[in-house]
Amino acid sequence: MKMTEKLKGADRTLLEMHTGMLCFGLICQIVGSFFASDQGLYAGSLWFGIAFAMVGSIHMARTLDRALACGDGAAKVITRGYVFRYIMIIVIMGIIAVTKVLNVLVVFLGYMSLKAAAYIQPFTHKLYNRLFHETDPVPGPAPEAEDVSAGSESQ
């Protein structure tokens with residue numbers, strides 16, 4: 001199976017988000033190589049944070065999928081997922097802070113790749129459209145909107 005075919009089968013939004021996280025990580029790694037005194041600790045902390053953000057984005061996507069299937073209980077499912085993710089962030093950051101095995105601030109920088117990826121997602125979306133030779137559909141008016149506007153003109 002070709003790599004592009006395998007990538008097409010993946011969840012497109014997650015693929016675009018993970019690509020953005022990796023790009024953000026590469027930029028932070030390059031910039032950090034000029035400023036970090038302990039390169040190994042910096043790199044380990046950064047990539048742990050990015051991996052943690054990727055796991056968090058997968059959990060977020062699965063929570064949203066479950067919520068869409070729930071109907072009326074969707075708000076509770078989303079809230080539980082949100083609270084679980086933030087409790088995990090607090091626990092992991094607390095363990096890192098106490099053990100000092102990684103740099104807490106750099107792990108947090110890596111985790112913020114989730115936010116940076118959300119901002120650059122339109123660019124990664126265009127990149128994958130080119131890679132997969134796809135185009136986005138052109139939005140048009142909803143059928144109900146056409147019926148309403150046609151009815152008001154005739155009166």
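Residues numbered from 1 in each chain as written. Predicted model: local features only at pLDDT ≥ 70, side-chain atom pairs only at ≥ 80, totals over all residues. Heavy atoms only, no water.

Topic: the side chain of H18
Defined as follows: By definition, any uninterrupted DSSP run of H or I lasting at least four residues is a helix, any uninterrupted run of E lasting at least two residues is a strand, and each is numbered from the N terminus. Residue contacts are defined here by distance: any two heavy atoms, one from each residue, within 4.5 Å place the two residues in contact.
For H18, the position within the fold is in helix α2 (residues 12-35). Excluding residues within four positions of it along the chain, H18 makes contact with M54, S57 and I58.

A few points about the pattern of salt bridges
Going by this rule: Whenever Lys or Arg places a side-chain nitrogen within 4 Å of a carboxyl oxygen from Asp or Glu, that contact is recorded as a salt bridge. For each residue, the accessible area found with a 1.4 Å probe, counting protein chains only, is set against the maximum for its type, and the residue is called buried under 20%, exposed over 50%, and partly exposed in between.
All told, the structure shown has two salt bridges when counted by the stated rule. For the salt bridge of E16 with R12, the shortest nitrogen-to-oxygen distance reads 2.9 Å. Taken together, the residues span about one helical turn, with E16 and R12 both in helix α2 at a distance of four residues. By relative accessible area, which is 1% here, E16 ends up buried. Exposure remark for R12: the relative accessible area of 21% places this residue in the partly exposed category. One salt-bridge network, in which partners are shared between bridges, spans R12, E16 and E134.

Details of a positive patch on the surface
Applicable threshold: Think of a patch as exposed residues, more than 30% relative accessible area, with no salt bridge, where like charges cluster within 9 Å and nonpolar side chains (Val, Leu, Ile, Met, Phe, Trp, Tyr) cluster within 5 Å. All accessible-area figures derive from a Shrake-Rupley calculation using a 1.4 Å probe, and residue coverage is judged against the displayed protein chains alone. Neither His nor the chain ends is counted toward charge; the positive residues are Lys and Arg and the negative residues Asp and Glu. For this purpose, a charge sits on NZ of Lys, CZ of Arg, CG of Asp or CD of Glu.
On the surface, a cluster of positive charge is contributed by R62, R66, K76 and R80. Counting residues per element, the ones that place at least two in the positive patch are α3 (39-70) and α4 (74-99). For K76, the location among the structural elements is in helix α4. In this structure K76 comes out as exposed when scored by relative accessible area, which is 63%.

Re the confidence of the model for the chain
Rule in force here: Values of pLDDT, ranging from 0 to 100, describe the predictor's confidence in every residue of the model.
The pLDDT averaged across the chain works out to 87; a share of 87% of its residues lies at or above 70. Ranking the helices and strands of the chain by mean pLDDT puts helix α5 (residues 104-111) first, with 96, and helix α7 (residues 143-154) last, with 58.

Side note on the nonpolar core
The line we're drawing: Nonpolar cores are built from buried Ala, Val, Leu, Ile, Met, Phe, Trp, Tyr and Cys residues. Side-chain atoms within 4.5 Å join them into one set.
Counting 21 residues, the largest nonpolar core has M21, L46, Y111 and L114 as its most contacted members. Of all the secondary-structure elements, those providing two or more residues to this core are α2, α3, α4, α5 and α6 (113-131). For this core, the element with the most residues is α3, which contributes six residues. For L46, the contacting residues outside a window of four places in its chain are G25, C28, Q29, V106, L109 and G110.

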